[in-house]
Amino acid sequence: MSKAARLAVDIGGTFTDVAVERAGEDGTERWTGKVLTTPHAPELGVLEGVRVVLERAALTPADIELVIHGTTLATNAIIERKGARTALLTTDGFRDVLALGNESRYDQYDLNIDLAQPLIPRRWRLTVPERLDNEGHVLLALDEAAVRAQVETLRAEGIESLAIGFLHAFVNPAHERRAAAIVHEMWPDLPISLSSEVSPEMREWERFSTTAANAYVQPLMASYLRRLEAGLKEAGFTCPLFMMLSGGGLTTLDTAARFPIRLVESGPAGGAIFSAHVAKQRGWSKVLSFDMGGTTAKVCLIDDFAPQASRTFEVARVGRFKKGSGLPLRIPVIEMVEIGAGGGSIAHLDALGRIQVGPESAGADPGPVCYGRGGDKPAVTDANLALGRYEPDLFAGGALKLHVQPALDALDAHVGRKLGLAPEMAGLGVVEMVDENMANAARVHAIESGKGYGGRGIIAFGGGGPVHGYRVAEKIGVDRVLVPSGAGVGSAIGFLRAPVGYEVVKSLYQRFRTFDVAAVNALLAEMSAEASRVVAEGAFGAPTQEHRLAFMRYVGQGHEINVALPARALTEADIPEIRSAYDAEYTRFYDRPVPGSDVEILSFAVTVATIAEPVEPVAPVADTPAPAPIRMQRVRDTATGQVADWQVYDRAQMPAGSAVPGPCIVAEAETSTLVGPGWSCRVDGLRYLELTRGG
């Protein structure tokens, strides 16, 4: 059999999802599967999931032409502080940049404010004499003897990874590279991350923080990726292994091992790509991507079939929903909000006796109480089971039997008894609270983005998205929910839709009144060559396209707006047009430009990516009679608390054009779609489920 199949794997906190697609004469065939994640050795869960799905598809490793992988392991290592013993080598006088930050407070009125602690403690933040000015000129030569002395200190402290960040190294990396060469000469096996390579942009706090985080997770991620690569080869795979990036593109294993910080949101990024593809198929130009898994829920706004993008990201926020309370990362990323609200999120009462859910999760081991694997604290999955939303013998396609009574006992002991509620009503409180948490995250995300939910639909996926989607929609005022095929493994399917791409961002300060066209063209050409070189390793000759951005602001302002540049050498004639484009974009944000003020450019970005295949919109289908329900299920409605018999339909038996009224459940192997009272569900031409309120 010719190699025509592609395989994608997404590691989540609870489940590892696998999807295989093969193009054939009659269209694309797909096989999917879920297995429990193996936190102690994630590659074992990956290999088991791959084995199960290939067996289901009657394929062999030789039939696979490409493996694509995404994971939140880097994110989890930072949040749980389980990375390497990392040191920072920096310029004399700048030892405490990581602790000082930019001195902003995410809550001005909290006198006991907690700030995110640096990944590198102060005693491992070492300095050496050297200094460059803001244009990269040497003011003080690097003291090489001091570098050698600090290497001995690193050895004595048992350091496992090193970040090097010097002042103004984004303009001139010579001192950082020389310091790295000295360290490598004395200690060849020590992993080293340079700020001039990881995040070559101005603003030393963000640059140092990103470099420190990269160094912090590099030994862990490099080791895992090499073990996975070896395991796949041992299993008979000879095809390339690509990694999903946080910005929505794919890259090679070597690049990912070198810059693992770019993988922090790789799993959720696959989900956003999946939603954008589905939105394009249905012609929904404004949607909210809602991805609820076993550990977290992710929401992302998608407009004009493209997810929102950003150059900044926060990880390990101390304040819930509070921007500025986490560790800043300066990387290309799909902009989304991620909260600890998944099937494994643990429910408890706070000091005031209020039900709280998450962010702590039972994960895959031991998992929720109903898994019967040793968990003793109630999770969202236990609450859903107590409400009758899951059939115990058919959860996860029947691969995992759920235990009802232990779940009820845990809800009673930890929630219900303390509040004078029956276990089932305690479960209702838990589910309502987690739904409100997710709805609130969606509201905050829209407000921060300056957008609303009028005319917007929800694309729900992940193991929990279709279960909770209609209720979240009610809370934020949305009347349409779409549940695509393969929703339970949506992020993995999204990996198969992602282009091979790479983004390079670098700083070069410019003002329009003194714009140096030659210098800007030289920088953009260098960035284009770097991005093209990375993409060429995995594009296999496929055509590519290039996008360029400049990040601008009026002189004296603190934040930039990005403006598109033509993907070619600039001329003097382009300068006024770019300035006009900035004024227009600024007016879109703030209603009017600032007359008479010069504009400065701080950074440039160049993205090279393979060209996506065109998407054919779905054709309308005629109404078709719905099949008979396969069973009845007693379900407690979370809005009213009433218990009623809900009809259960098998999704595989529902033909295109069929429709059923709510309340009902549409069941499938990896998830179930709940259609609440007042909602209806119709199957479209792609076999997607469209839920409509009031229809």
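For the structure, check the block above.
The structure displayed is predicted, hence computed values, not measured ones.

**Focus: the pattern of salt bridges**
- Inspection of every chain in the model, using the stated rule, returns 44 salt bridges.
- Across the pair Asp96 and Arg122 runs a salt bridge, and its minimum N-O distance is 2.8 Å. With Asp96 in the loop between β5 (86–91) and α3 (97–100) and Arg122 in the loop between α3 and β6 (125–128), this pair connects stretches of sequence that are 26 residues apart.
- Judged by relative accessible area, which is 42%, Arg122 ranks as partly exposed.
- Across the salt bridge formed by Asp574 and Arg568, the nearest N and O atoms sit 2.9 Å from each other.
- Asp574 gets classed as buried once you look at its relative accessible area, which sits at 7%.
- A residue is classified by how much of its surface remains accessible, and Arg568, at 40% relative accessible area, is partly exposed.
- Taken together, the shared-partner salt bridges in this structure form one network comprising Glu201, Arg203, Arg330, Arg553, Glu560 and Glu600.

**Thoughts on a nonpolar patch on the surface**
- A cluster of nonpolar residues, Leu419, Leu421 and Met425, forms a patch on the protein surface that exposes about 200 Å² of accessible area.
- Mapped onto the secondary structure, Leu419 falls in helix α11 (residues 404–419).
- Exposure remark for Leu419: the relative accessible area of 33% places this residue in the partly exposed category.

**Observations regarding the sheet that holds strand β27 (residues 561–565)**
- Spatial ordering of the open sheet is given by β25-β28-β26-β27, a layout of four strands whose pairing is antiparallel. Across the chains shown, the open sheet's two edge strands, defined by having one partner strand only, are β25 (501–511) and β27. Within this sheet the neighbouring strands show an average axis-to-axis angle of 25 degrees, counted without direction.
- In terms of strand pairing, strand β26 (residues 544–554) meets β27 through five bridges, oriented antiparallel. Bridge assignment links Leu549 to a residue of β27, and that residue is Ala564.
- Strand contacts of helix α15 (residues 517–539): β25, β26, β27 and β28 (599–610), with the helix running at about 170 degrees to β25, the strand carrying the most contacts.
- Sitting on the sheet, helix α16 (residues 574–590) is in contact with β26, β27 and β28, with an inclination near 140 degrees to β27.

**Side note on the pairing of strand β13 (residues 286–292)**
- With respect to burial, β13 is a largely interior element, six of its seven residues being buried.
- Relative to strand β14 (residues 297–303), β13 runs antiparallel, the two sharing seven bridges. For Met292, the partnering residue across the bridge sits in β14 and is Ala297.
- From the end of β13 to the start of β14, which pair antiparallel, there are four residues.
- The sheet contact formed by β13 and strand β23 (residues 457–461) spans five bridges and is parallel. Looking at the pairing, Phe290 lines up with Ala460 of β23.

**Description of the side chain of Thr251**
- Looking at the secondary structure, you find Thr251 in strand β12 (residues 250–252).
- The exposure class assigned to Thr251 is buried, which follows from its relative accessible area of 2%.
- When near neighbours in sequence (up to four residues on either side) are disregarded, Thr251 contacts Phe242, Met243, Leu245, Ala256, Tyr502 and Val534.

**Describing unusual backbone geometry**
- Omega for the peptide link from Gly662 to Pro663 comes to 5 degrees, which places this bond in the cis form.
- In this structure, Pro663 sits in the loop between β31 (659–661) and β32 (664–667).
- One non-glycine residue, Arg203, adopts positive backbone phi at about 85 degrees.

**Description of the side chain of Asp435**
- Structurally, Asp435 is set in helix α12 (residues 423–448).
- No salt bridge is formed by the buried Asp435. Its closest oppositely charged neighbour is Arg389, at 4.7 Å.
- With near-sequence residues (within four places) excluded, Asp435 lies in contact with His468, Arg471, Val472 and Lys475.

**Brief notes about helix α5 (residues 174–186)**
- In this model α5 runs 19 Å from its N-terminal to its C-terminal C-alpha over 13 residues, within 8% of the 18 Å that 1.5 Å per residue would give.
- Restricting attention to buried positions, one finds in α5 the residues His175, Glu176, Ala179, Ala180, Ile182 and Val183. For α5, the buried positions fall inside an angular range of 160 degrees around the axis, keeping them on one side.

**Concerning the environment of Ala256**
- Among the secondary structure elements, Ala256 is positioned in helix α8 (residues 253–258).
- Taking the relative accessible area as the measure of exposure, Ala256 reaches 1% and is therefore buried.
- When the C-alpha atoms of Ala256 and Arg6 are compared, they prove to be 20 Å apart, with 250 residues separating the residues in sequence.
- Those residues in contact with Ala256 that sit more than four places away from it in its chain are Leu225, Met243, Thr251 and Leu263.

Rules behind the numbers
Residues numbered from 1 in each chain as written. Predicted model: local features only at pLDDT ≥ 70, side-chain atom pairs only at ≥ 80, totals over all residues. Heavy atoms only, no water. Salt bridge = Lys/Arg side-chain N within 4 Å of Asp/Glu carboxyl O. Helix = DSSP H or I, 4+ residues; strand = E, 2+ residues; numbered from the N terminus. Buried < 20%, exposed > 50% of the residue type's maximum accessible area, 1.4 Å probe, protein only. Patch = residues over 30% accessible without salt bridge, like charges linked within 9 Å, V, L, I, M, F, W, Y side chains within 5 Å. Areas by Shrake-Rupley, 256 points an atom, 1.4 Å probe, with all protein chains shown as cover. Pairing = 2+ DSSP bridges. Axes fitted to C-alpha atoms, helices over the stretch in contact; angles between N-to-C directions. Contact = heavy atoms within 4.5 Å. Lys, Arg positive; Asp, Glu negative; His and termini not counted. Expected span 1.5 Å × (residues − 1). Arc of directions from axis to C-beta.

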